[in-house]
Amino acid sequence: MLNNIRSKQVILIVAILLLGGFLFTRDVKGLVKPKDEAGKMPTNGQATNSSSAPQVTIEDVSSTAKNLVSGATAKEIIALENSYKSGSGADKITTAKTLAQKWDDVEQSIPSAMYLEVVANNESSLSNWLNAGNRFLKAFDNTQDSLVQPAMLQKANNAFTKALAIDTSSNDAKTGLGITIVNGLGAPMSGIAMLLDVVKKDPKNFKANMNLGMFAIKSGQFDKAIIRFNDIISNIKATPDAYFYLATAYENLGKNTEAIDAYLNSKKLAANPTLSGFIDKKVAELKNKR
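These notes cover the structure that comes with them. (Residues numbered from 1 in each chain as written. Predicted model: local features only at pLDDT ≥ 70, side-chain atom pairs only at ≥ 80, totals over all residues. Heavy atoms only, no water.)

1. Digging into the pattern of salt bridges
On inspection of all chains with the given rule, the structure shows eleven salt bridges. Linking aspartate 280 and lysine 267 is a salt bridge whose minimum nitrogen-to-oxygen distance equals 2.7 Å. Of this pair, aspartate 280 sits in helix H14 (residues 273–289) while lysine 267 sits in helix H13 (residues 256–270); the two residues are 13 residues apart in sequence, bridging distant segments of the chain. Overlapping salt bridges bring together Asp104, Glu107, Arg135 and Lys138 as one network. (Salt bridge = Lys/Arg side-chain N within 4 Å of Asp/Glu carboxyl O. Helix = DSSP H or I, 4+ residues; strand = E, 2+ residues; numbered from the N terminus.)

2. Observations regarding the environment of aspartate 167
As for its placement among the helices and strands, aspartate 167 is situated in the loop between helix H7 (148–166) and helix H8 (171–182). A relative accessible area of 25% means that aspartate 167 is categorised as partly exposed. Linking aspartate 167 and leucine 126, residues 41 residues apart in sequence, is a C-alpha distance of 7.0 Å. For aspartate 167, the side chain forms a polar contact with the side chain of serine 169, separated by 2.6 Å. (Buried < 20%, exposed > 50% of the residue type's maximum accessible area, 1.4 Å probe, protein only. Polar contact = N/O pair within 3.5 Å; in protein donor to acceptor, adjacent residues only side chain to side chain.)

3. As for the environment of glutamine 221
On the secondary structure map, glutamine 221 appears in the loop between helix H10 (206–218) and helix H11 (222–235). Taking C-alpha positions, glutamine 221 is 9.9 Å from leucine 253, a pair spaced 32 residues apart along the chain. A distance of 2.7 Å separates polar atoms of two side chains, one belonging to glutamine 221 and the other to serine 219.

4. Considering the packing of H8 against helix H9 (residues 188–201)
Between H8 and H9, whose axes approach to 7 Å, the crossing angle comes to 155 degrees. Classified by the interaxial angle, the pair formed by H8 and H9 is roughly antiparallel. Where H8 crosses over H9, the handedness of that crossing is left-handed. Here H8 contributes Asn171, Lys174, Thr175, Leu177, Gly178, Ile181 and Val182 to the contact with H9, which in turn contributes Pro188, Ser190, Gly191, Ile192, Met194, Leu195, Asp197, Val198 and Lys201. For the contact of H8 with H9, the per-class residue count stands at eight nonpolar, five polar and three charged. (Axes fitted to C-alpha atoms, helices over the stretch in contact; angles between N-to-C directions. Parallel < 35°, antiparallel > 145°, perpendicular 65-115°, else oblique. Left-handed = near helix turned anticlockwise from the far one by under 90°. Contact = heavy atoms within 4.5 Å. Nonpolar A, V, L, I, M, F, W, Y, C, P; charged D, E, K, R; others polar.)

5. A closer look at the packing of aromatic side chains
One pass over the full model with this rule turns up four aromatic pairs. Arranged with centres 5.4 Å apart and planes meeting at 90 degrees, the rings of tyrosine 84 and tyrosine 115 form a pair that is edge-to-face. Of this pair, tyrosine 84 sits in helix H3 (residues 71–86) while tyrosine 115 sits in helix H5 (residues 109–122), and the two are 31 residues apart along the sequence. Ring geometry for phenylalanine 244 versus tyrosine 263: centroids 5.4 Å apart, planes at 80 degrees, classification edge-to-face. Remark: tyrosine 263 occurs in helix H13 and phenylalanine 244 occurs in helix H12 (residues 240–252); sequence separation between them is 19 residues. Residue classification places phenylalanine 244 among the buried positions, given a relative accessible area of 0%. One aromatic cluster is present, built from ring pairs that chain together Phe244, Tyr263 and Phe278. If you follow lysine 92 out to its NZ or CZ, it ends over the ring of tyrosine 84, 4.1 Å from the centre. (Phe/Tyr/Trp six-rings, centres within 6.5 Å; stacked < 30°, edge-to-face > 60°. Lys NZ or Arg CZ within 6 Å of the ring centre and 35° of its normal.)

By themselves, these are just geometric observations and shouldn't be taken as functional.
Next up, the structure:
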């Protein structure tokens, strides 16, 4: 029994890691974490909180990110940062917005999110806090740094909490906050309840439905995940990642024929050479098991 669980974990972990590198909906790609050996979701005792999350600064993350971009881009950012440091008032916030966009343009979501937080702190509005929260979630998804990751999740939680305080009816704020809770900032079931509430009010909310499906996989509820992803594909939006997660759920239940069909649909929609190569190998393996 234990070996079977571990073998399913291997399938799940490998699939998720590969999906994260291939598909384009990067706001959701890192949300499915490997389950523990009992197939349980993290307990409240595993939650990250503001006191335990490491502190990160704009200077630190910017210094790291500059090593990952071209020399010309780094020089341009340095000039903007000098202007930001010496600026004041509205001009300083305008420069922060420019820096957030510049970092996002080169796929450096961590410093981008930090500057969006500066903007939201100075111009508090629903849209500004949602922008900051979504970018922090993207940073959380994309980084493998075990020190930075919890800080990004905590900052996302804070941003969505402030967004929800401004508009308690905001489904975007509830969805983002629910995602941070299930990922470790509270009792997971309370986060899931928040997402379910969003879906109840907005049945075609793509992001909330996708995350509910992924959390079903995370907790080993593959039957529920299959129902969720099939509903997304049929009634909301057929995307490469929806098909890929559907295939992963089918594979974990040994439904290889269905998994093959879903993997091939993911391949067709993504049109990504690297993903295509992985899926071709996966399909060949599954055909050998039939």
